[in-house]
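Listed below, chain by chain, are the residues.
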Amino acid sequence: MPETPDSTPQPELFTWEFAADPYPAYAWLREHSPVHRTTLPSGVEAWLVTRYADARQALADGRLSKNPAHHSEQAHRSGRVGIPGERQADLMTHLLNIDPPDHTRLRRLVSKAFTPRRVAEFEPRVQQLTDRLIDGFATRGSADLIHEFAFPLPIYAICDLLGVPPEDQDDFRDWAGMMIRHHGGQRGGVGRAVKRMRSYLAELIHRKRADLGDDLISGLIRASDHGEHLTENEAAAMAFILLFAGFETTVNLIGNGLYALLRNPGQRALLQESVARGEKELLATGVEELLRYDGPVELATWRFATSPLTIGGVEIPVGDPVLVVLAAADRDPARFAAQNTLDLARKDNPHLGFGHGIHYCIGAPLARLEGQIALATLLTRLPDLTLAAEGAELRWRGGLIMRGLRELPVSFTA
Ligand code: HEM
């Protein structure tokens, strides 16, 4: 049976209604125009790829470059693609903007420092941060879980992991706040925030070089591959992209994940019972399902055709931007049974929430750890958590790449 009947009109994209629930529009695109040329709100023309098989193929296609210099419109020059405020050339050379062989070299070096073992050893610290944040509102009976929980947890976690001293972490919280508001379409201060973060990181790297410790920045400085090291600029750009890529994404995993659980009481009860029994399995498959069902990254970051190619039978001209719609691919009924149902125990779940191919998320182990601890602890400590607003009452940040709530008001027994 078709997902949407032929008579259904083409839905409008990028409106506020679309931001609140883009899934019906993506179902239409998958069915009627799976590789779809559109004009983005910024005025840039781009292709949207919405079917799972096409999305997976495009994410791993070496003819699609991550380097904005390949964009025919050169729109990046006016700041219309890429990270806001990152036009300082040294920050541009991060993993999401480069191709092999540079990408291979940098990724190998960062992988030596950002190891699964380092993340696993970080578990008690994430638990401590989570408990401290919940202590801040647990006796009040109500909270905004975005501002008081989902937002600060990843920023403090990444700062700790990188080795940003505790007394400087609130500056990072402020800078990150400006960046996230910018992503949500609100102007002001982002260029300044990125600049300050950039010069702070440069100075921190300089200081660490003289006095290496156990933290990730020291690990980045130490990492060597066949005698090669990261330069100071490369280390700063790496620390920046780890912060940038690991922050808003994790805010959204916790925010979207809690929202989905609170709207699916049967699934939430199953998870709460399983966590109370001390089990780990449903928590692990549950976080994967939340990444598939309403994941933090709606569209993978920009790719540009460097030679003629076809995706799903559609020819993409050289220089055209391609945006892979992870949120659409992860609800493709050709790959996922009961695609619109939240099933925390789902086993066959090769979702694209962390991407695919050489740019696959390097922070996935940390994101999983934070997501699992945050959800399990909140549901255990505040077992009667309920939504204080939903549907049209809630605002979503309107950015292009990320999908996340601006606020998530809840109430509970104090
Ligand atoms: C790449 C998702 C958390 C660091 C990516 C990509 C996705 C993604 C989809 C690929 C983008 C593309 O191909 O265009 C997520 C989600 C997260 C998360 C859903 C949270 C739930 C993190 C964390 C970190 C991180 C915690 C680090 C602390 C990175 C980096 C890349 C990346 C550095 C670029 C890798 C490369 O280009 O080789 N992430 N991410 N991410 N992520 Fe994550």
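Everything here concerns the structure above.
Residues numbered from 1 in each chain as written. Predicted model: local features only at pLDDT ≥ 70, side-chain atom pairs only at ≥ 80, totals over all residues.

Looking at this structure, how should I read the sheet that holds strand 1 (residues 35-39)?
Sheets are built from strands that pair by backbone hydrogen bonding, the pairs being arranged parallel or antiparallel. In spatial order, the strands read 1-2-8-5-3; together these five strands make up an open sheet with mixed pairing. Edge positions in the sheet fall to strand 1 and strand 3 (64-65), since each has one partner strand and no second. Bridge count between strand 3 and strand 5 (residues 303-305): two bridges; the pairing is antiparallel. By the bridge assignment for strand 5, L64 is matched with A305. (Pairing = 2+ DSSP bridges. Helix = DSSP H or I, 4+ residues; strand = E, 2+ residues; numbered from the N terminus.)

Looking at this structure, how should I read the nonpolar core?
Considering soluble globular proteins, one finds that nonpolar side chains tend to be buried as a cluster. Membership of the largest hydrophobic core comes to 80 residues, with the highest contact counts inside it found for L153, I158, L162, L220, M238, A239 and F240. At 18 residues, the largest contribution of residues to this core is made by helix 13 (residues 232-263). Discounting residues that sit within four places of it in the chain, L220 has contacts with V110, A113, L230, A235, M238 and A239. Core analysis: the next-biggest nonpolar cluster, separate from the first, contains 33 residues, A27, L29, L59 and F304 among them. (Core = buried A, V, L, I, M, F, W, Y, C linked by C-beta atoms within 7 Å. Buried ≥ 20, exposed ≤ 12 C-beta atoms within 10 Å, placed from the backbone. Contact = placed C-beta atoms within 7 Å.)

Can you walk me through the sheet that holds strand 10 (residues 409-411) in this structure?
Ordered in space as 4-10-9, the three strands form an open sheet in which the pairing is antiparallel. Looking at strand neighbours, the two that pair on one side only are strand 4 (142-144) and strand 9 (386-387), the edges of this open sheet.

Any chance you could explain the environment of N349 here in plain terms?
Inspection of the secondary structure puts N349 in the loop between helix 16 (326-329) and helix 17 (364-381). Classification of N349 by C-beta neighbours within 10 Å gives partly exposed; the count is 17. C-alpha of N349 to C-alpha of E45: the two residues are 304 residues apart in sequence and 32 Å apart in space. Apart from the residues lying within four places of it in its own chain, the contact partners of N349 are E288, E289 and R292.

Would you mind going over the site of the ligand with me for this structure?
Taken together, 26 residues lie near the ligand, and G246, G355, C361, G363 and A367 sit nearest. It is helix 13 that contributes the most residues to the shell around the ligand, seven residues altogether. Residues that form the shell around the ligand fall into these classes: 16 nonpolar, nine polar and one charged. (Near = placed C-beta within 6 Å. Nonpolar A, V, L, I, M, F, W, Y, C, P; charged D, E, K, R; others polar.)

Geometric descriptors of this kind do not, in isolation, establish any biological role.
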